[in-house]
Amino acid sequence: MAFTAQDVKALREKTGVGMMECKKALVEADGDMDKAIDFLRERGLAAAQKKASRIAAEGVVLPYFDEATKKGVVVEVNSETDFVAKNEKFMGFVEGVAKTILANDPADVEALKEEKFNGTDRTVTETLNDLVLSIGENMKIRRFERMEGIVSTYIHAGGSVGVMVGFEVADESKAADAEFIAMGKNIAMQIAAMNPAYLDEAHVPADVIEHEQSILAAQMKEDPKMASKPEAVLAKIAAGKMGKYYKENCLVEQEFVRGDVFQGSVKGYVDSVAKSLGTDIKIKDYIRMMKGEGLEKREENFAEEIAKQING
């Protein structure tokens, strides 16, 4: 598989490794980007453990929870500019979309578009088209995920990141306690800030564990002190080192970011609040969405744009 100078540049942006090393990695990987990243990681050259998402599109992510029905949804609606995302009409539409989802339980975005928009006789598509005509900018509903039960939410930076986290509480009356409410928000903030890949060790797929162990084994082979050790010994050491991977990538194993509140892991923090409230608390699940995650943003050359306008 051939590769271009742009591929070398992209690999450098993903890993922070020098151009020559990136080129060598792509040669070794026959142009495969993922294999090239693994090649660099095996040699300890790339610190990144996953490709960074390209954050591009404007708009907002809104976590919305209805206390009466104990149902929640996190929805992303995109717009062309950040200016429109701060518009009251736009935000009203996004909240209406969230309420429509909870009321009608559509299967997906396409089904949602055909539902009657919250409190009206017009469909979601018709309402969106009205808004586009009113504001003069293209918008679209991109995605949504739902959650039920005892839930905490967090919105970061006006909707750039939205989080919803669900809990299992043995004594559900304790969920109304101020200490529990503060804990829920802190956990949601942890998820927003640290972006854990998995809830806990049990949720890490077997193929991911196998892949990470192979990377660790390859890294140790590059270490002169490890090179002479038998394969079986290397495998055991690699398995032991997986603890660090879990601590970085699993929510409950992560170091709790608010050291001013609690020193230790996220699980330790939740357990301490549970003990204080006299009940059992467990993080059940979470949703984290980042605005524009994975979308390509049109790169604009403003000098060219102005020249086009002048030239008619």
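Residues numbered from 1 in each chain as written. Predicted model: local features only at pLDDT ≥ 70, side-chain atom pairs only at ≥ 80, totals over all residues. Heavy atoms only, no water.

## Brief notes about the packing of helix 8 (residues 178-194) against helix 11 (residues 266-277)
Between helix 8 and helix 11, the shortest axis-to-axis distance is 10 Å and the interhelical angle comes to 170°. Judged by the inter-axis angle, helix 8 sits roughly antiparallel to helix 11. Across from Glu 179, Phe 180, Ala 182, Met 183, Asn 186, Ile 187 and Gln 190 in helix 8, the residues of helix 11 making contact are Val 266, Tyr 269, Val 270, Val 273, Ser 276 and Leu 277. Residue composition of the contact of helix 8 with helix 11, by class: nine nonpolar, three polar and one charged. (Axes fitted to C-alpha atoms, helices over the stretch in contact; angles between N-to-C directions. Helix = DSSP H or I, 4+ residues; strand = E, 2+ residues; numbered from the N terminus. Parallel < 35°, antiparallel > 145°, perpendicular 65-115°, else oblique. Contact = heavy atoms within 4.5 Å. Nonpolar A, V, L, I, M, F, W, Y, C, P; charged D, E, K, R; others polar.)

## Focus on the environment of Thr 100
With respect to the element layout, Thr 100 can be found in helix 5 (residues 88-104). Residue classification places Thr 100 among the buried residues on the basis of a relative accessible area of 1%. Along the primary structure Thr 100 and Leu 112 are separated by twelve residues, whereas in three dimensions their C-alpha atoms are 8.0 Å apart. Those residues in contact with Thr 100, other than ones at most four positions away along the chain, are Asp 105, Pro 106, Leu 112, Glu 115, Lys 116, Phe 117, Asn 118 and Val 124. (Buried < 20%, exposed > 50% of the residue type's maximum accessible area, 1.4 Å probe, protein only.)

## Observations concerning the nonpolar core
In this structure, Val 165, Phe 167, Phe 180, Met 183, Ile 187, Ile 281 and Ile 283 are the most contacted members of the largest nonpolar core, which totals 27 residues. At the level of secondary structure, the elements contributing two or more residues to this core comprise strand 4 (150-156), strand 5 (161-169), helix 8, helix 11 and strand 6 (281-290). Excluding residues that lie within four positions of it along the chain, Ile 281 makes contacts with Phe 167, Glu 168, Val 169, Phe 180, Met 183, Val 270, Asp 271, Val 273 and Ala 274. Counting 23 residues, the second largest nonpolar core, distinct from the first, contains Leu 62, Val 77, Ala 85 and Leu 131. (Core = buried A, V, L, I, M, F, W, Y, C linked by side-chain atoms within 4.5 Å.)

## Details of helix 2 (residues 19-28)
Within helix 2, burial applies to Cys 22, Ala 25 and Leu 26. Looking down the long axis of helix 2, one finds its buried residues gathered within 95° of arc, a one-sided arrangement. Relative to its buried face, helix 2 has exposed residues pointing more than 90 degrees away, namely Met 20, Val 27 and Glu 28. Next to the buried residues of helix 2 lie helix 1 (5-15) and helix 3 (33-42). (Arc of directions from axis to C-beta.)

## What to know about the side chain of Asp 38
Along the chain, Asp 38 falls in helix 3. Beyond its immediate sequence surroundings of up to four residues, Asp 38 is in contact with His 211 and Ile 215.

## Comments concerning the confidence of the model for the protein chain
Here the protein chain averages 87 in pLDDT, while 90% of its residues score no lower than 70. The low-confidence segment residues 47-56 (pLDDT under 50) makes 29 contacts with residues lying over four places distant or belonging to another chain. (pLDDT = per-residue confidence, 0-100.)

## A look at the pattern of salt bridges
Once the charged atoms of two side chains with opposite charge are near each other, the side chains can pair. Counted according to the given criterion, the structure contains 13 salt bridges. Ionic pairing is found between Arg 143 and Glu 76, a salt bridge with its closest N-O pair at 2.6 Å. Of this pair, Arg 143 sits in strand 3 (residues 139-148) while Glu 76 sits in strand 2 (residues 71-79), and the two are 67 residues apart along the sequence. Arg 143 sits in the partly exposed class, given a relative accessible area of 22%. (Salt bridge = Lys/Arg side-chain N within 4 Å of Asp/Glu carboxyl O.)

## Topic: the sheet that holds strand 2
Strand order in the open sheet formed by three strands is 1-2-3, with antiparallel pairing between adjacent strands. Here the strands that pair on one side only, and so sit at the sheet edges, are strand 1 (58-66) and strand 3. Averaged over all pairs of adjacent strands, the angle between their axes in this sheet comes to 15°, without regard to strand direction. With nine bridges joining them, strand 1 and strand 2 adopt antiparallel strand pairing. Within strand 2, the position partnered with Gly 59 by the bridge is Asn 78. Helix-sheet contacts for helix 5 involve strand 1, strand 2 and strand 3, and the interaxial angle to strand 2 is about 140°. (Pairing = 2+ DSSP bridges.)

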